[in-house]
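# Summary of structural features
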Amino acid sequence: MSAPPSPPPAPAAVGEEGGLPVPVPAAVVGDDKVLAAAQHIVKSLATSKNAADDMIRILSGFDHRLSSITSDLFPSPSPSDTPAPGAAEAAEEEGHSLAAFDAAEQLIHLWDTTPEALVFEAPEDDAAHYLEAVDVAIDHLAAAGAVSGRAGVAVQLAMARLEDELRHLMLRHAVPLDASGLYCSLRRLSVGSMDDLDTSSEFDPTTPHSQEGAPDTARSASLERNSPFEDQVFDLVRSDAVDELRAIADRMVRAGYASELAQVYCAIRRDLLDECLTVLGVERLSIDEVQRVEWKHLNDKMKKWVHGVKTVVRSLLTGERRLCDQVLAASDELRDECFVESTKGCIMQIRNFGDAVAVCTRSPEKLSRILDMYEALAEVIPELKELFFGSYGDDVIHDLEGVLERLGDAVKGTLLEFGKVLQQESSRRPMMAGEIHPMTRYVMNYLRLLVVYSDTLDRLLDDSGAVAVDHNYLQNGTDEDVEYLKSLTPLGRRLVKLISYLEGNLEEKSKLYEDGALQCIFSMNNTLYIVQKVKDSELGRILGDHWIRRRRGKIRQNSKSYLRISWTKVLSCLKDDGHGSSGSGSFSGSGNSSSRIKEKFKNFNLAFDEIYRSQTLWKVPDPQLREELKISISENVIPAYRAFTGRYGGLVDSGRNSGKYIKYTPEDLENHLSDLFEGSLGSANHSRRR
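Given the structure is predicted, the values throughout are model-derived calculations rather than measurements.

For the rest of this paragraph, the subject is the overall build of the protein. Looking only at helices and strands, the protein has 24 helices and zero strands in total. Counting across all 690 residues of the protein, residues that qualify as buried make up 47%. Counting contacts in the protein only where the partners sit at least 6 residues apart, residues at least 24 apart contribute 80% of the total. Working note: accessible area of the protein is about 34,800 Å², and carbon and sulfur atoms make up 51% of it.

It is worth spelling out the packing of helix H13 (residues 367–387) against helix H16 (residues 454–461) at this point. Axis separation between H13 and H16 bottoms out at 11 Å; the angle between their running directions is 90°. Here H13 is positioned roughly perpendicular relative to H16, judged by the angle of their axes. On H16, the residues that touch Leu371, Tyr374 and Glu375 of H13 are Thr456, Leu457 and Leu460. In the contact of H13 with H16, the residues fall into four nonpolar, one polar and one charged.

Once that is clear, we can look at the state of the cysteines. One pass over the structure, following the stated rule, counts zero disulfides. For the unlinked cysteine Cys324, the closest cysteine sulfur is that of Cys338, found at 6.1 Å. The exposure class assigned to Cys324 is buried, which follows from its relative accessible area of 0%.

Bringing the packing of aromatic side chains into the picture now. Across all of its chains, the model carries 13 aromatic pairs by this definition. When the ring of Trp111 is compared with that of Tyr130, the centres are 6.1 Å apart and the planes differ by 80°; the resulting orientation is edge-to-face. Of this pair, Trp111 sits in helix H4 (residues 87–112) while Tyr130 sits in helix H5 (residues 124–143), placing them 19 residues apart in sequence. Tyr130 matches Trp111 in its accessibility class, with the two residues each being buried. Cluster of aromatic residues (ring-pair linked, three or more members): Trp567, Phe604, Phe608, Tyr641 and Tyr664. Cation over ring: Arg321 sits above Phe339, and NZ or CZ is 4.9 Å from the ring centre.

Of all hydrophobic cores here, the largest spans 171 residues; its most connected members are Phe388, Leu447, Tyr562 and Trp567. The element best represented in this core is helix H11 (residues 295–327), accounting for 13 residues.

When you line up the elements, Leu236 lands in the loop between helix H7 (179–187) and helix H8 (239–254). Considering only alpha carbons, one finds Leu236 and Leu317, 81 residues apart in sequence, at a separation of 9.7 Å. Among residues more than four places away in sequence, those in contact with Leu236 are His173, Ala174, Val175, Arg269, Leu316, Gly319 and Glu320.

Our focus in this paragraph is a positive patch on the surface. Residues Lys535, Arg552, Arg556 and Lys560 make up a contiguous surface patch of positive charge. Per element, the largest residue contribution to the positive patch is three residues, and it comes from helix H21 (residues 538–572). When you line up the elements, Arg556 lands in helix H21. Residue Arg556 is classed as exposed on the basis of its relative accessible area of 52%.

So, on to the environment of Arg541. Among the structural elements, Arg541 can be located in helix H21. For the pair Arg541 and Gly492, spaced 49 residues apart in sequence, the C-alpha to C-alpha distance is 9.5 Å. Here the side chain of Arg541 touches Glu538 through a polar contact of 2.4 Å, side chain to side chain.

A full pass over the atoms with the stated rule returns 35 salt bridges. One salt bridge connects Arg254 with Asp139, and the closest N-O pair in it is separated by 3.0 Å. Here Asp139 lies in helix H5 and Arg254 lies in helix H8, a separation of 115 residues in the sequence. Its relative accessible area of 42% is what places Asp139 among the partly exposed residues. The closest approach of N and O atoms between Asp325 and Arg321, which form a salt bridge, is 3.4 Å. A residue pair is termed a helical-turn pair when its members lie 3 or 4 positions apart in one helix, as Asp325 and Arg321 do in helix H11 at four residues. Look at Asp325 and you get partly exposed, because its relative accessible area is 28%. The class of Arg321 is buried, set by a relative accessible area of 7%.

Along an α-helix, residues three or four apart share an orientation, since each turn contains 3.6 residues. Given a rise of 1.5 Å per residue, 13 residues ought to cover 18 Å, and the 18 Å separating the end C-alpha atoms of helix H15 (residues 438–450) matches this to within 8%. Listed as buried for H15 are Pro438, Met439, Thr440, Arg441, Tyr442, Val443, Met444, Asn445, Tyr446, Leu447, Leu449 and Leu450. Elements that come into contact with the buried residues of H15 comprise H13, helix H14 (391–424), H16, helix H19 (490–510), helix H20 (516–535) and H21.

Okay, unusual backbone geometry next. Both trends apply: most residues other than glycine have a negative phi, and most peptide bonds are in trans. One non-glycine residue, Phe677, lies in the positive phi region at around 65°. Within the fold, Phe677 resides in the segment after helix H24 (666–673). Judged by its relative accessible area of 0%, Phe677 is buried.

Let's shift gears to the packing of H13 against H14. Viewed as axis vectors pointing N to C, H13 and H14 meet at an angle of 155°, and their least axial separation amounts to 9 Å. Accordingly, the angle class assigned to the pair H13 and H14 is roughly antiparallel. You can see that H13 and H14 cross each other, and the crossing is left-handed. Within the contact between the two elements, H13 uses Leu367, Ile370, Leu371, Met373, Tyr374, Leu377, Ala378, Ile381, Leu384 and Lys385 and H14 uses Ile397, Leu400, Glu401, Val403, Leu404, Leu407, Gly408, Ala410, Val411, Thr414 and Leu415. Along the lines of polarity and charge, the residues of the contact of H13 with H14 split into 17 nonpolar, two polar and two charged.

Once that is clear, we can look at helix H18 (residues 479–487). Within H18 the residues assigned to the buried category are Asp481, Tyr484 and Leu485. Projected down its long axis, H18 shows its buried positions confined to an angular sector of 95°, all on one face. Turned more than 90 degrees away from the buried face of H18 sit Asp479, Glu483, Lys486 and Ser487, all of them exposed.

Before going further, it helps to examine the side chain of Ser363. As for its placement among the helices and strands, Ser363 is situated in the loop between helix H12 (332–358) and H13. We classify Ser363 as buried; its relative accessible area is 7%.

The subject of this paragraph is the environment of Val411. For Val411, the location among the structural elements is in helix H14. Under the relative-accessibility criterion, Val411 is labelled buried at 0%. Put simply, Val411 and Leu460 are 49 residues apart on the chain and 8.2 Å apart in space, counted from C-alpha to C-alpha. Ignoring sequence-local partners within four residues, the contact set of Val411 consists of Leu367, Ile370, Leu371, Leu457 and Leu460.

Scored by pLDDT, the protein comes out at a mean of 80, with 72% of its residues at no less than 70. Here residues 1–29 scores under 50 on pLDDT; set against residues more than four positions off or in separate chains, the count is 18 contacts. Note that pLDDT drops below 50 for residues 580–589; the model gives that stretch nine contacts with residues more than four away or on any other chain.

Reading the values: the criteria
Residues numbered from 1 in each chain as written. Predicted model: local features only at pLDDT ≥ 70, side-chain atom pairs only at ≥ 80, totals over all residues. Heavy atoms only, no water. Helix = DSSP H or I, 4+ residues; strand = E, 2+ residues; numbered from the N terminus. Buried < 20%, exposed > 50% of the residue type's maximum accessible area, 1.4 Å probe, protein only. Contact = heavy atoms within 4.5 Å. Areas by Shrake-Rupley, 256 points an atom, 1.4 Å probe, with all protein chains shown as cover. Axes fitted to C-alpha atoms, helices over the stretch in contact; angles between N-to-C directions. Parallel < 35°, antiparallel > 145°, perpendicular 65-115°, else oblique. Nonpolar A, V, L, I, M, F, W, Y, C, P; charged D, E, K, R; others polar. Disulfide = S-S within 2.5 Å. Phe/Tyr/Trp six-rings, centres within 6.5 Å; stacked < 30°, edge-to-face > 60°. Lys NZ or Arg CZ within 6 Å of the ring centre and 35° of its normal. Core = buried A, V, L, I, M, F, W, Y, C linked by side-chain atoms within 4.5 Å. Patch = residues over 30% accessible without salt bridge, like charges linked within 9 Å, V, L, I, M, F, W, Y side chains within 5 Å. Salt bridge = Lys/Arg side-chain N within 4 Å of Asp/Glu carboxyl O. Lys, Arg positive; Asp, Glu negative; His and termini not counted. Charge placed at Lys NZ, Arg CZ, Asp CG, Glu CD. Polar contact = N/O pair within 3.5 Å; in protein donor to acceptor, adjacent residues only side chain to side chain. Expected span 1.5 Å × (residues − 1). Left-handed = near helix turned anticlockwise from the far one by under 90°. Arc of directions from axis to C-beta. pLDDT = per-residue confidence, 0-100.

What follows is the structure, given as structure tokens:
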């Protein structure tokens, strides 16, 4: 078998550039030269293993020795030469990330060139794109990659803009409070207050509790405590802006700008809450300023404070807490801090006024208003504890509890001062008609309205008025009285003590009357007024029937004393001095007896006329007491007069000028007695001459 013909000479290798021949190494000769040339051609022209395989298959058709070059040209790759899985995808993702940052950076810089424009006033898509750009910049800053420096600049620019956007949104979308609506419930506080205090007669102007300073109470007019705004939680910012504010706050927190966020947020909210207090009429006053305010104006400010505290806590602060929780949801610590900081000025203003009132000069007319303040603050402190919690809120609650304690001390101090006033009041001008003294009216209306605060006063007085109750009352009291006092509440014991001061003062004032009968009328009028005020109010529930029975007994005693002092002389003129033992006819011839009878009739007329002239000017305001006194007088005088005239009238009728002695018929006396205690001159023509 002959050998296969020798292959034709291989074609010259063409280079990649311009088809230059591929040089063959000089050391390669013979068959090796052909193999080396083919190997070089495949290596130079093949772009992949598949292409090389195709070229080698073609060349192998010319010479089977060329098939051996495959393993030399493209050996199997080693594991170390294999690229990591996903490397291409990672590189591609990085490229996209850089491209996204470039676009975000460009958008942030673009908005920075137009500082007068506002992102959140632009179309909604523009705002969304800007926030996305900020997110990209924050992410690249946090990644600390190759573009972190550029990202830091972009974030700084974005935060400055977002701070301005936050400020603008909070101011633009703040819900304005309706001043007229807020004052609607405030006006209700004055309805039905102490304006009905009966101070028609002048009270001692030297005492602090003049008629102009009559105590007043907001609580008596609105015990239900429900006013149109008091329990309504306001949306302090329009709801459609809350999501945008939260979006801004979230990004500022993520970017590390929490302190800047807190600064702008708190400044705006603090100013807006201060404006709310102004709307409510709660003024920023120092202690010195409060001390200098006249009572009439201070009373109005205290009313507004009471209303303002409830509205601020139940509406404004509750709404403020909700707003903080919504906008600053990204950080629990931040929202607690911002809530305390935003409301600090508001709380301080409330606290300062409360402290100023607590240290004011003690005067009785302020008591009910201080109690209103005490109760308002006591009501809202538990609610404030639900709003201010954690370390940031502890100081706020502690400060307000201190104010509450000082207001309580002011209440107790004012009650003590009131007792001193009752003991020391020393006006020397008597009531001319023996009627109710203005002090009695004032004190009983004062005490009647204090009962509205019975629960509060029982708590405050529990440790200060329970032991040393009323020693004057106990000195003349029975065992029943002792047990009675022990059964009373702390407020009940204090009321007994204050009324005993009043009664002691009235007893001294009764001594200003020279006429003992008028002393009795004065005592009856004032004691009955006290009893009626107790019986017709919650005072009756607190003081009980035992106390009322004791005072009614005193009225009966005064009534008997009046009859004795005023009518004993009149009735003595009608006594049978033994002249009528044998009947009136037996004296018909006795001139001596007739003259004595005439003298008796004359003395009766003089005494009765004197009583009539004076006691028609006396006044018993209570119609029932007035009628009872007239009946008692009639039951004592008319039967005695009728019997005397029936027995001795014949001795006088037989002589001339009998009408001079028998001036009145029994019916005339009845008519005259009906004029007593009316406080005006009696009718002129009651008498009828015989």
